[in-house]
Amino acid sequence: MKLSSLLAAATVAVVLSCTSKPESDSEDDQDSVSIESSGAGEELVLFDGASLSGWHVFNQPGKEVKNWIVQDSALVCLGAAKDAHGGDLVYDGTFKDFDLSWEWKVDKGSNSGVMYHVVEDPKYKAPYETGPEYQIIDDIGFPEKLEDWQKTGADYAMKIAGPEKKLKPVGEWNSSRIVYDNGKVQHWLNGALILSFEVGSEEWKKERNSGKWNDFPDYAIADEGKIALQDHGNKAYFKNIRIKKLN
C-alpha cells in the first residue's frame, strides 16, 4: 500500500474513534449522552448586551418596553409588574428542540424564571400558563417559606433540583442551561446537571394533572414556542443569553 493510502486509512480510523459514543451503564447516562450529542446548529445570541432588540413584552409586540432596561451589559428586570402578570419579556423567535444558556443574578428576596415553548395569545395572562419554567429565586432570603418545587433550578411546580445543585450567593452571577430534545429535558446550574426528565412520561403526566397545573389546561400544550423572562415584581439580571437549535 502506498504511503498516501496508509495515511488516509489512519486518518479515517482516528476520526471514527473520536466520534464514537462511549458506552454507558445506566439509562440516565444514555439520555444525557444522547441529548448532549444530538446535534448543534449555529449559536444564536438572543441578547446583544446593548439593546432590547428582538424582545417584547408578552402579548405586546411593537409596544414600548418600560419595565426592562439594559444596564452594564445586562438585561435588567425592574420588577414593575404586579406579582407575576403583565411584565414578562418574550423573544420574538420560536424554538422547538434547543440548548439555551444564560447567566443571571437576583437581589435579596427576588423571584424570576425562564420559560420556554410559550404561546402568545390574548386568552393567556402570562407565559407560565403555557410555558414550563426554570425557576430562579433567592432560595435563602425569599420572604415566604418555599417548597422544594419553588426553589432555583426546579421545573417550577413539577420537579425539584437534585443534590448536585450549587447556588451562588445573592448578587453573584450564576450560569444556567435548559436542554430540550424531543421531550427529554435537562436543567443545568453552574456547570452541574441538576435535573432531567421526560415530557409526556407517565410520571410527568401524573405530576402535571395532580398539582398546580391542573387549573391551567394549556400548560405545556406546545412543543414549540417562545422564550420568556419573568417579571415577578422583583429585580433580576440576565446576560450572555444564547441558544442553539438541535436536530
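Heads up: the structure comes first, above all this text.
Read on for a plain summary of the structure. (Residues numbered from 1 in each chain as written. Predicted model: local features only at pLDDT ≥ 70, side-chain atom pairs only at ≥ 80, totals over all residues. Heavy atoms only, no water.)

1. Brief notes about the pattern of salt bridges
Tallied over the full model, the rule gives 10 salt bridges. Between Lys-151 and Asp-148 there is a salt bridge, with its nearest N and O atoms 3.5 Å apart. Residue class for Asp-148 comes out partly exposed when judged on its relative accessible area of 44%. A salt bridge links Lys-159 to Glu-207; its shortest N-O distance comes to 2.9 Å. Of this pair, Lys-159 sits in the loop between strand 8 (133–137) and strand 9 (174–181) while Glu-207 sits in helix 3 (residues 202–210), and the two are 48 residues apart along the sequence. A residue is classified by how much of its surface remains accessible, and Lys-159, at 10% relative accessible area, is buried. The exposure class assigned to Glu-207 is partly exposed, which follows from its relative accessible area of 21%. (Salt bridge = Lys/Arg side-chain N within 4 Å of Asp/Glu carboxyl O. Buried < 20%, exposed > 50% of the residue type's maximum accessible area, 1.4 Å probe, protein only. Helix = DSSP H or I, 4+ residues; strand = E, 2+ residues; numbered from the N terminus.)

2. With respect to unusual backbone geometry
Phi is mostly negative for residues that are not glycine, and the peptide bonds are mostly trans. In this model, Asp-72 sits at a positive phi of 50 degrees, which is unusual for a non-glycine residue. Residue Asp-72 is classed as exposed on the basis of its relative accessible area, which comes to 74%. In the Ramachandran plot, Asn-240 falls in the positive-phi region, its phi being about 50 degrees despite a non-glycine side chain. Along the chain, the position of Asn-240 falls in strand 13 (residues 236–245).

3. A short note on the environment of Asn-234
Assignment of secondary structure puts Asn-234 in the loop between strand 12 (226–229) and strand 13. For Asn-234 and Gly-109, which are 125 residues apart along the polypeptide, the C-alpha to C-alpha distance reads 7.9 Å. With residues up to four places along the chain from it excluded, the contact list for Asn-234 reads Cys-77, Leu-78, Gly-79, Gly-109, Ser-110 and Asn-111. (Contact = heavy atoms within 4.5 Å.)

4. Focus: the nonpolar core
Among soluble globular proteins, nonpolar side chains are generally buried collectively. If you look at the biggest cluster of nonpolar residues, it comprises 51 residues, and the most contacted ones within it are Leu-100, Trp-102, Phe-238 and Ile-241. Counting residues per element, this core draws most heavily on strand 6 (residues 98–106), at five residues. Sequence-distant contacts of Leu-100, defined by excluding residues within four places in its chain, comprise Leu-46, Val-114, Ser-176, Arg-177, Ile-178, Ile-227, Ile-241, Arg-242 and Ile-243. (Core = buried A, V, L, I, M, F, W, Y, C linked by side-chain atoms within 4.5 Å.)

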